[in-house]
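Okay, here's what each chain looks like letter by letter:
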Amino acid sequence: MILIIGAFGQLGSVLTQKLQIKWGVNRVVASDITVNTNYKGLYEQLDATNYKALEQIVIKYRITEIYHLAAILSANGEKDPLRSWDINMTSLLNVLEVSRTQRIHKIFYPSSIAVFGPNADSVNTPQSPNLTPETIYGMSKVAGENWVNYYHKKYGLDIRSLRYPGIIGYQSFPGGGTTDYAVDIYHKAIKNEHFLCFLNSSTQLPMMFMDDAIRATIELMDAPKEKITVRTSYNLASMSFTPKELVKSIQKYYPNFKITYQPDSRQNIANSWPKSIDDSKARVDWGWQSYFDLDQMTKIMIEKLSEYYSIATV
Ligand code: SER
(Lines give C-alpha, C1' and ligand atoms only; values in the text may rest on other atoms or scores of the structure.)
Protein backbone atom coordinates (compact mmCIF):
# COMPACT_ATOMS: atom_id res chain seq x y z
CA MET A 1 0.00 0.00 0.00
CA ILE A 2 1.26 3.43 -0.97
CA LEU A 3 0.78 6.63 1.01
CA ILE A 4 1.23 9.99 -0.70
CA ILE A 5 1.67 12.99 1.57
CA GLY A 6 0.87 16.25 -0.20
CA ALA A 7 -1.25 14.40 -2.75
CA PHE A 8 -3.12 17.51 -3.91
CA GLY A 9 -0.04 19.63 -4.61
CA GLN A 10 1.48 20.42 -8.01
CA LEU A 11 3.45 17.18 -8.29
CA GLY A 12 1.31 15.12 -5.91
CA SER A 13 -1.90 15.41 -7.88
CA VAL A 14 -0.26 14.07 -11.04
CA LEU A 15 1.87 11.44 -9.32
CA THR A 16 -1.12 10.13 -7.36
CA GLN A 17 -3.01 9.50 -10.61
CA LYS A 18 -0.01 7.77 -12.17
CA LEU A 19 0.45 5.53 -9.15
CA GLN A 20 -3.26 4.69 -9.14
CA ILE A 21 -2.93 3.58 -12.76
CA LYS A 22 0.26 1.65 -12.07
CA TRP A 23 -0.79 -0.12 -8.87
CA GLY A 24 -4.60 0.13 -8.77
CA VAL A 25 -6.88 2.71 -7.14
CA ASN A 26 -7.25 0.66 -3.98
CA ARG A 27 -3.54 0.47 -3.34
CA VAL A 28 -2.95 4.21 -3.16
CA VAL A 29 -3.90 6.40 -0.18
CA ALA A 30 -3.86 10.12 -0.90
CA SER A 31 -3.29 12.44 2.04
CA ASP A 32 -3.12 16.18 2.18
CA ILE A 33 -3.64 18.99 4.65
CA THR A 34 -6.37 20.30 2.34
CA VAL A 35 -9.64 18.60 1.41
CA ASN A 36 -10.56 17.94 -2.21
CA THR A 37 -14.11 16.70 -2.56
CA ASN A 38 -13.56 15.85 -6.24
CA TYR A 39 -10.86 13.32 -5.45
CA LYS A 40 -11.77 9.73 -6.28
CA GLY A 41 -9.95 7.16 -4.22
CA LEU A 42 -8.76 6.48 -0.69
CA TYR A 43 -8.13 9.74 1.11
CA GLU A 44 -7.12 10.91 4.59
CA GLN A 45 -6.76 14.49 5.69
CA LEU A 46 -3.31 14.74 7.26
CA ASP A 47 -1.10 17.39 8.77
CA ALA A 48 2.24 15.59 8.42
CA THR A 49 3.71 17.52 11.35
CA ASN A 50 1.37 15.46 13.56
CA TYR A 51 3.25 12.22 14.21
CA LYS A 52 0.38 10.32 15.81
CA ALA A 53 -1.98 11.12 12.94
CA LEU A 54 0.62 9.95 10.41
CA GLU A 55 1.30 6.77 12.36
CA GLN A 56 -2.42 5.95 12.59
CA ILE A 57 -2.80 6.17 8.81
CA VAL A 58 0.29 4.03 8.24
CA ILE A 59 -1.08 1.36 10.59
CA LYS A 60 -4.68 1.59 9.37
CA TYR A 61 -3.80 0.95 5.71
CA ARG A 62 -0.70 -1.23 6.34
CA ILE A 63 1.36 1.24 4.31
CA THR A 64 4.58 -0.13 2.77
CA GLU A 65 5.67 2.81 0.59
CA ILE A 66 5.56 6.57 1.24
CA TYR A 67 5.95 9.57 -1.09
CA HIS A 68 6.49 12.62 1.11
CA LEU A 69 5.76 15.59 -1.17
CA ALA A 70 4.49 18.16 1.34
CA ALA A 71 6.68 21.23 1.83
CA ILE A 72 6.70 25.01 1.93
CA LEU A 73 8.49 26.09 -1.26
CA SER A 74 11.19 28.69 -1.81
CA ALA A 75 9.29 31.98 -2.14
CA ASN A 76 6.60 31.21 0.45
CA GLY A 77 9.27 29.88 2.78
CA GLU A 78 10.82 33.33 3.09
CA LYS A 79 7.61 34.84 4.49
CA ASP A 80 7.98 33.06 7.82
CA PRO A 81 11.38 31.34 7.94
CA LEU A 82 11.05 29.67 11.36
CA ARG A 83 7.62 28.25 10.59
CA SER A 84 8.75 27.03 7.16
CA TRP A 85 11.76 25.30 8.68
CA ASP A 86 9.57 23.72 11.33
CA ILE A 87 7.00 22.40 8.85
CA ASN A 88 9.55 21.08 6.36
CA MET A 89 11.77 19.42 8.95
CA THR A 90 9.13 18.11 11.37
CA SER A 91 7.16 16.47 8.58
CA LEU A 92 10.30 14.81 7.19
CA LEU A 93 11.47 13.58 10.61
CA ASN A 94 7.98 12.17 11.22
CA VAL A 95 8.12 10.30 7.91
CA LEU A 96 11.59 8.95 8.70
CA GLU A 97 10.61 7.81 12.18
CA VAL A 98 7.33 6.21 11.14
CA SER A 99 9.19 4.48 8.30
CA ARG A 100 11.80 3.13 10.69
CA THR A 101 9.34 1.93 13.35
CA GLN A 102 6.65 0.61 10.98
CA ARG A 103 9.16 -0.98 8.60
CA ILE A 104 8.21 0.92 5.46
CA HIS A 105 9.89 -0.73 2.47
CA LYS A 106 10.55 2.34 0.30
CA ILE A 107 10.26 6.10 0.68
CA PHE A 108 10.50 8.99 -1.78
CA TYR A 109 11.69 12.42 -0.67
CA PRO A 110 11.87 15.30 -3.16
CA SER A 111 14.77 17.69 -3.00
CA SER A 112 15.37 20.66 -5.28
CA ILE A 113 17.78 22.86 -7.22
CA ALA A 114 17.25 25.16 -4.20
CA VAL A 115 19.95 23.20 -2.33
CA PHE A 116 22.55 25.06 -4.38
CA GLY A 117 23.75 28.53 -3.53
CA PRO A 118 26.25 31.04 -4.87
CA ASN A 119 29.22 28.83 -3.92
CA ALA A 120 28.31 26.17 -6.47
CA ASP A 121 29.25 26.54 -10.16
CA SER A 122 26.06 27.80 -11.76
CA VAL A 123 26.60 26.20 -15.18
CA ASN A 124 26.35 22.43 -15.27
CA THR A 125 26.22 22.40 -11.48
CA PRO A 126 27.84 19.17 -10.32
CA GLN A 127 26.35 16.57 -8.00
CA SER A 128 28.39 17.44 -4.91
CA PRO A 129 29.53 21.05 -4.76
CA ASN A 130 29.65 23.17 -1.63
CA LEU A 131 25.96 23.45 -0.60
CA THR A 132 25.31 26.89 0.87
CA PRO A 133 21.70 27.75 -0.03
CA GLU A 134 20.35 31.19 0.79
CA THR A 135 16.69 30.27 1.31
CA ILE A 136 15.02 28.44 4.19
CA TYR A 137 13.54 26.04 1.67
CA GLY A 138 17.02 25.24 0.31
CA MET A 139 18.43 24.92 3.83
CA SER A 140 15.64 22.53 4.79
CA LYS A 141 16.29 20.42 1.68
CA VAL A 142 20.06 20.23 2.36
CA ALA A 143 19.34 19.19 5.94
CA GLY A 144 16.64 16.82 4.68
CA GLU A 145 19.02 15.16 2.21
CA ASN A 146 21.47 14.57 5.04
CA TRP A 147 18.77 13.13 7.32
CA VAL A 148 17.68 10.84 4.52
CA ASN A 149 21.25 9.66 3.99
CA TYR A 150 21.62 9.18 7.76
CA TYR A 151 18.51 6.98 8.05
CA HIS A 152 19.72 4.95 5.11
CA LYS A 153 23.19 4.41 6.56
CA LYS A 154 22.14 3.92 10.17
CA TYR A 155 18.85 2.02 9.81
CA GLY A 156 19.01 0.69 6.25
CA LEU A 157 15.92 2.66 5.19
CA ASP A 158 15.48 2.53 1.41
CA ILE A 159 14.73 6.20 0.87
CA ARG A 160 15.36 7.76 -2.54
CA SER A 161 15.47 11.37 -3.64
CA LEU A 162 15.67 13.70 -6.65
CA ARG A 163 16.66 17.35 -6.86
CA TYR A 164 13.83 18.56 -9.09
CA PRO A 165 14.26 21.60 -11.31
CA GLY A 166 11.23 23.88 -11.76
CA ILE A 167 8.34 21.66 -12.84
CA ILE A 168 5.88 22.74 -15.52
CA GLY A 169 2.61 20.96 -16.16
CA TYR A 170 -0.89 21.69 -17.36
CA GLN A 171 -2.59 19.47 -14.77
CA SER A 172 -1.94 21.52 -11.62
CA PHE A 173 -0.66 24.80 -10.24
CA PRO A 174 2.52 25.24 -8.24
CA GLY A 175 2.34 27.13 -4.98
CA GLY A 176 4.85 29.59 -3.66
CA GLY A 177 7.93 28.73 -5.70
CA THR A 178 10.42 30.80 -7.68
CA THR A 179 9.92 28.82 -10.88
CA ASP A 180 6.11 29.20 -10.77
CA TYR A 181 6.18 31.95 -13.40
CA ALA A 182 6.87 29.31 -16.06
CA VAL A 183 3.48 27.69 -15.42
CA ASP A 184 1.51 30.87 -14.92
CA ILE A 185 2.78 32.36 -18.18
CA TYR A 186 1.04 29.66 -20.25
CA HIS A 187 -2.30 30.29 -18.57
CA LYS A 188 -2.00 34.02 -19.28
CA ALA A 189 -1.04 33.43 -22.94
CA ILE A 190 -4.02 31.18 -23.54
CA LYS A 191 -6.41 33.62 -21.92
CA ASN A 192 -4.91 36.40 -24.09
CA GLU A 193 -3.77 38.24 -21.01
CA HIS A 194 -0.70 40.32 -20.49
CA PHE A 195 1.92 38.63 -18.30
CA LEU A 196 3.73 40.39 -15.49
CA CYS A 197 6.93 38.43 -14.84
CA PHE A 198 8.54 38.53 -11.39
CA LEU A 199 11.95 37.57 -12.83
CA ASN A 200 13.97 39.55 -15.34
CA SER A 201 14.14 38.51 -18.99
CA SER A 202 17.58 36.84 -18.83
CA THR A 203 17.16 34.70 -15.70
CA GLN A 204 18.08 31.21 -16.82
CA LEU A 205 16.83 28.38 -14.60
CA PRO A 206 16.71 24.59 -14.90
CA MET A 207 13.19 23.37 -15.72
CA MET A 208 11.37 20.14 -16.55
CA PHE A 209 8.07 19.12 -18.10
CA MET A 210 5.75 17.33 -15.65
CA ASP A 211 5.72 14.08 -17.63
CA ASP A 212 9.50 13.83 -17.37
CA ALA A 213 9.41 14.64 -13.65
CA ILE A 214 6.82 11.93 -12.96
CA ARG A 215 8.66 9.37 -15.09
CA ALA A 216 11.95 10.21 -13.31
CA THR A 217 10.27 9.61 -9.96
CA ILE A 218 8.81 6.28 -10.98
CA GLU A 219 12.03 5.11 -12.66
CA LEU A 220 14.06 6.02 -9.58
CA MET A 221 11.63 4.14 -7.32
CA ASP A 222 11.61 1.12 -9.65
CA ALA A 223 15.41 0.94 -9.98
CA PRO A 224 17.13 -2.02 -8.31
CA LYS A 225 18.49 -1.04 -4.90
CA GLU A 226 22.11 -1.70 -5.83
CA LYS A 227 21.91 0.88 -8.64
CA ILE A 228 21.20 3.69 -6.18
CA THR A 229 24.63 5.00 -5.22
CA VAL A 230 23.52 8.52 -4.21
CA ARG A 231 21.63 8.41 -0.92
CA THR A 232 21.39 12.14 -0.38
CA SER A 233 19.63 13.22 -3.60
CA TYR A 234 20.27 12.92 -7.33
CA ASN A 235 20.81 15.93 -9.59
CA LEU A 236 18.12 15.79 -12.28
CA ALA A 237 18.01 17.86 -15.47
CA SER A 238 16.04 18.39 -18.61
CA MET A 239 16.00 21.89 -20.15
CA SER A 240 17.12 25.37 -19.11
CA PHE A 241 15.64 28.62 -20.37
CA THR A 242 15.09 32.28 -19.60
CA PRO A 243 11.71 34.06 -19.51
CA LYS A 244 12.67 35.69 -22.81
CA GLU A 245 13.23 32.31 -24.48
CA LEU A 246 9.97 31.00 -23.04
CA VAL A 247 8.09 33.99 -24.46
CA LYS A 248 9.59 33.29 -27.90
CA SER A 249 8.42 29.71 -27.75
CA ILE A 250 4.88 30.83 -26.78
CA GLN A 251 4.80 33.56 -29.44
CA LYS A 252 5.01 30.88 -32.13
CA TYR A 253 1.35 30.22 -31.21
CA TYR A 254 0.38 33.62 -29.81
CA PRO A 255 2.39 36.24 -31.75
CA ASN A 256 0.73 39.07 -29.87
CA PHE A 257 1.53 37.73 -26.46
CA LYS A 258 3.11 40.45 -24.31
CA ILE A 259 5.20 40.33 -21.17
CA THR A 260 6.42 42.99 -18.77
CA TYR A 261 9.32 42.31 -16.45
CA GLN A 262 8.96 43.45 -12.88
CA PRO A 263 11.47 41.53 -10.75
CA ASP A 264 10.65 41.22 -7.06
CA SER A 265 12.35 39.42 -4.15
CA ARG A 266 12.13 36.13 -6.06
CA GLN A 267 14.79 37.50 -8.42
CA ASN A 268 17.37 37.24 -5.60
CA ILE A 269 16.39 33.62 -5.03
CA ALA A 270 16.72 32.82 -8.73
CA ASN A 271 20.09 34.58 -8.89
CA SER A 272 21.46 32.22 -6.26
CA TRP A 273 20.33 29.09 -8.14
CA PRO A 274 22.01 27.16 -10.96
CA LYS A 275 21.45 27.94 -14.62
CA SER A 276 21.91 24.32 -15.64
CA ILE A 277 22.52 21.00 -13.90
CA ASP A 278 24.87 18.08 -14.48
CA ASP A 279 22.74 14.98 -13.97
CA SER A 280 25.27 12.43 -15.20
CA LYS A 281 25.06 10.43 -11.94
CA ALA A 282 21.33 9.76 -12.50
CA ARG A 283 22.02 8.86 -16.14
CA VAL A 284 24.76 6.39 -15.27
CA ASP A 285 23.18 4.86 -12.15
CA TRP A 286 19.58 4.24 -13.26
CA GLY A 287 19.46 5.30 -16.89
CA TRP A 288 17.78 8.71 -16.58
CA GLN A 289 17.02 10.54 -19.82
CA SER A 290 14.64 13.43 -20.37
CA TYR A 291 12.32 13.48 -23.40
CA PHE A 292 10.88 16.99 -23.66
CA ASP A 293 12.53 20.22 -24.78
CA LEU A 294 11.08 23.72 -24.53
CA ASP A 295 9.17 23.75 -27.84
CA GLN A 296 7.75 20.25 -27.35
CA MET A 297 6.58 21.27 -23.90
CA THR A 298 5.04 24.51 -25.19
CA LYS A 299 3.07 22.62 -27.82
CA ILE A 300 1.53 20.26 -25.25
CA MET A 301 0.94 22.98 -22.66
CA ILE A 302 -0.94 25.09 -25.20
CA GLU A 303 -2.99 22.17 -26.51
CA LYS A 304 -3.97 20.93 -23.06
CA LEU A 305 -4.66 24.31 -21.52
CA SER A 306 -6.69 25.34 -24.56
CA GLU A 307 -8.84 22.25 -23.97
CA TYR A 308 -9.06 23.15 -20.31
CA TYR A 309 -10.22 26.69 -20.99
CA SER A 310 -12.22 25.40 -23.99
CA ILE A 311 -10.47 27.77 -26.35
CA ALA A 312 -9.47 26.53 -29.80
CA THR A 313 -5.70 26.56 -30.41
CA VAL A 314 -4.67 29.38 -32.72
N1 SER B 1 10.13 24.92 -7.91
C2 SER B 1 10.69 25.11 -6.62
C3 SER B 1 10.62 26.51 -6.18
O4 SER B 1 10.63 27.36 -7.03
C5 SER B 1 12.12 24.65 -6.61
O6 SER B 1 12.19 23.40 -6.05
O7 SER B 1 10.60 26.76 -5.01
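Not measured: the values here are computed from a predicted model.

Looking at this structure, how should I read helix α7 (residues 210-222)?
When the terminal C-alpha atoms of α7 are compared, their 18 Å separation across 13 residues agrees well with the 18 Å that a helix rising 1.5 Å per residue should span. Counting buried positions over the 13 residues of α7 gives 10, a clear majority of the element. Listing the buried residues of α7 in full gives Met210, Asp212, Ala213, Ile214, Arg215, Ala216, Thr217, Ile218, Leu220 and Met221.

In this structure, what is going on with the site of the ligand? I would like to understand it.
Surveying the vicinity of the ligand reveals the residues Leu73, Ser74, Ser112, Tyr137, Gly177, Thr178, Thr179 and Trp273. A distance of 2.6 Å separates an oxygen atom of the ligand from a polar atom in the side chain of Ser112. Judged by the fraction of its atoms near the pocket grid, the ligand is located in the largest pocket. Grouping the constituent residues of the shell around the ligand by class yields three nonpolar, five polar and no charged.

Would you take a moment to explain the sheet that holds strand β7 (residues 166-168) for this structure?
Adjacent strands of a sheet form backbone hydrogen bonds with each other and so pair up, either parallel or antiparallel. A sheet is described by the order of its strands in space; here three strands give the open sequence β7-β9-β11, paired in mixed fashion. In the strand order of this sheet, the two ends are held by β7 and β11 (239-241), each with one partner. On average, each strand axis in the sheet is tilted by 45° relative to the strand beside it, whichever way the strands run. Sheet topology places strand β9 (residues 205-209) next to β11; three bridges connect them, and they run antiparallel. In the sheet register, Pro206 faces β11, and the bridge partner there is Ser240.

Can you walk me through the environment of Lys153 in this structure?
Turning to its location among the elements, Lys153 is positioned in helix α5 (residues 136-155). A polar contact is formed between the side chain of Lys153 and the side chain of Asn149, at a distance of 2.8 Å.

Even after reading the chapter, I still don't get a nonpolar patch on the surface, so can you show me in this structure?
On the surface, Trp147, Tyr150 and Tyr155 cluster together to form a nonpolar patch covering roughly 300 Å² of accessible area. Counting through the fold element by element, Tyr150 comes out in helix α5.

Is there a simple way to explain the environment of Gln127 in this structure?
By the secondary structure assignment, Gln127 is in the loop between β5 (106-112) and α5. For the pair Gln127 and Tyr234, spaced 107 residues apart in sequence, the C-alpha separation works out to 7.1 Å. Every residue in contact with Gln127, bar those within four places of it in the chain, is listed here: Arg163, Val230, Ser233, Tyr234, Asn235 and Lys281.

How do you make sense of the layout of surface pockets when you look at a structure like this?
Taking a probe equal in size to a water molecule and rolling it over the atoms shows the remaining empty space. In this structure, the largest pocket occupies an estimated 970 Å³ of space. Lining the largest pocket are 41 residues; nearest its centre among them are Leu69, Ala70, Ala71, Ile72 and Leu73. Tallied by class, the residues present in the lining of the largest pocket amount to 20 nonpolar, 16 polar and five charged. Considering only enclosed or pocket space, the second largest pocket measures out at about 210 Å³ in volume. Taken together, Ala7, Phe8, Gly9, Ser13, Val14, Thr16, Gln17, Tyr39, Gln171, Ser172 and Phe173 make up the full set of residues lining the second largest pocket.

I'm lost on helix α2 (residues 51-60) in this one. Help?
Residues spaced three or four apart along an α-helix point in a common direction, a consequence of the helix completing one turn every 3.6 residues. Residues of α2 that are buried: Leu54, Glu55, Ile57 and Val58. Taken around the axis of α2, the buried residues stretch over an arc of 160°, which confines them to a single face. More than 90 degrees from the buried face of α2, the exposed residues found are Lys52, Gln56 and Lys60. The residue sitting at the N-terminus of α2 and contributing the capping side-chain oxygen is Asn50; that oxygen lies 3.2 Å from the backbone nitrogen of Lys52. Within two residues after α2, Arg62 carries a phi angle of roughly 50°, on the positive side.

Conventions and cut-offs
- Residues numbered from 1 in each chain as written.
- Predicted model: local features only at pLDDT ≥ 70, side-chain atom pairs only at ≥ 80, totals over all residues.
- Heavy atoms only, no water.
- Helix = DSSP H or I, 4+ residues; strand = E, 2+ residues; numbered from the N terminus.
- Expected span 1.5 Å × (residues − 1).
- Buried < 20%, exposed > 50% of the residue type's maximum accessible area, 1.4 Å probe, protein only.
- Near = heavy atom within 4 Å.
- Polar contact = N/O pair within 3.5 Å; in protein donor to acceptor, adjacent residues only side chain to side chain.
- 1 Å grid on protein atoms, 1.4 Å probe; cavity = no way out; pocket = protein on both sides within 12 Å on 5 of 7 lines; lining within 4 Å.
- Sits in = over half its atoms within 2 Å of the grid points.
- Nonpolar A, V, L, I, M, F, W, Y, C, P; charged D, E, K, R; others polar.
- Pairing = 2+ DSSP bridges.
- Axes fitted to C-alpha atoms, helices over the stretch in contact; angles between N-to-C directions.
- Patch = residues over 30% accessible without salt bridge, like charges linked within 9 Å, V, L, I, M, F, W, Y side chains within 5 Å.
- Areas by Shrake-Rupley, 256 points an atom, 1.4 Å probe, with all protein chains shown as cover.
- Salt bridge = Lys/Arg side-chain N within 4 Å of Asp/Glu carboxyl O.
- Contact = heavy atoms within 4.5 Å.
- Points joined across faces, edges and corners; volume = space filled by probe spheres on them.
- Arc of directions from axis to C-beta.

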